[in-house]
Amino acid sequence: MRSNTRRSTGASSPALRAVAALTIGVPVLAAALSGCARTVIVEPAADAANPKCADIMLRLPDQVGGEQERTTSSQGTKAWGDPNVAVLRCGVTPPGPTTDKCLSVSGVDWISKGGEADDTWVFTSYGRTPAVEVLVNRKLGSGADVLAGISPALQAFQPERQCIGAEDVDAPPAGSAPEGSAPATTP
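Every chain is numbered on its own, with residues counted from 1 as its sequence reads. Owing to the predicted nature of the model, reporting of local features is limited to residues with pLDDT of at least 70; listing and counting of side-chain atom pairs is limited to 80 or more, with chain, interface and lining totals taken over all residues. The basis for every side-chain value is the complete set of heavy atoms in the structure, and neither hydrogens nor water enter the calculation.

Details of the sheet that holds strand 4 (residues 86-92)
Piece 1. Strand order in the open sheet formed by 8 strands is 1-2-3-4-8-7-6-5, with antiparallel pairing between adjacent strands. Of all strands in the sheet, those bounded by a partner on one side alone are strand 1 (63-64) and strand 5 (101-105).
Piece 2. When strand 7 (residues 120-126) meets strand 8 (residues 131-137), the two strands line up antiparallel, connected through 5 bridges. Within strand 8, the position partnered with Trp121 by the bridge is Val136.
Piece 3. Whether two residues are in contact is decided by their heavy atoms, any of which lying within 4.5 Å being enough. Lines fitted to C-alpha atoms define the axes here, with helix axes fitted over just the stretch in contact, and angles between the N-to-C directions of these axes take values from 0 to 180 degrees. Only DSSP runs of H or I with at least four residues qualify as helices, and only runs of E with at least two residues qualify as strands; both kinds are numbered from the N terminus onward. Set on the sheet, helix 2 (residues 51-59) makes contact with strand 3 (77-80), strand 4 and strand 8; between it and strand 4 the angle comes to about 155 degrees.
Piece 4. Here helix 3 (residues 143-154) sits on the sheet and contacts strand 1, strand 3, strand 4, strand 5, strand 6 (108-113), strand 7 and strand 8; the angle it forms with strand 6, its principal contact strand, is near 140 degrees. Two strands qualify as a pair provided that DSSP identifies no fewer than 2 bridges between them.

What follows is the structure, encoded as structure tokens:
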């Protein structure tokens, strides 16, 4: 025999449904919002659309120097950390010969600019096309850690030239004039 009596669980009342929705919805919304970081506005480099930049971008790690990748506004760019510890732009003008400091990290040469008074170190890959520029906030991160994370992505492209130091250059024979100059004469 069937009973026509309904048992009320109380869950059907509109007030209880609203409370249940808030109880479930607020933590889900909070979790979703906590994972969102502001987009980093980065001006793209002139050659950011270079297909090799796309290959480099795909090879870059999600974490650099212990900092998580963030969303950037432009093609050929990446950023890590909140606030930014490192910002990368692929497709910058490759540097020519320079007297600026050069260092090699994991087989990739980098021109280094910035000093103790600067808050930002600027590293530009040397001898590879496309060139990559990395800005590192020296108050928040280590340039060595950042370059160690990024350099493997550039190793896929063979260097066209390498940094050299004064010790790498052969000295001209004694008494010879440098190429392009007139020999010394005595009056």
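This is not the end of the story, as more comes after the structure.
Some words on the state of the cysteines
Piece 1. Throughout, a disulfide means two cysteine sulfur atoms within 2.5 Å of one another. Applying the stated criterion to the full structure yields 2 disulfides.
Piece 2. Residue Cys53 pairs covalently with Cys90 via a disulfide, S to S 2.1 Å. The S-S bond linking Cys53 to Cys90 shows a torsion near -85 degrees; that makes this disulfide left-handed. Separated by 37 residues along the polypeptide, Cys53 in helix 2 and Cys90 in strand 4 bring together distant segments of the chain.

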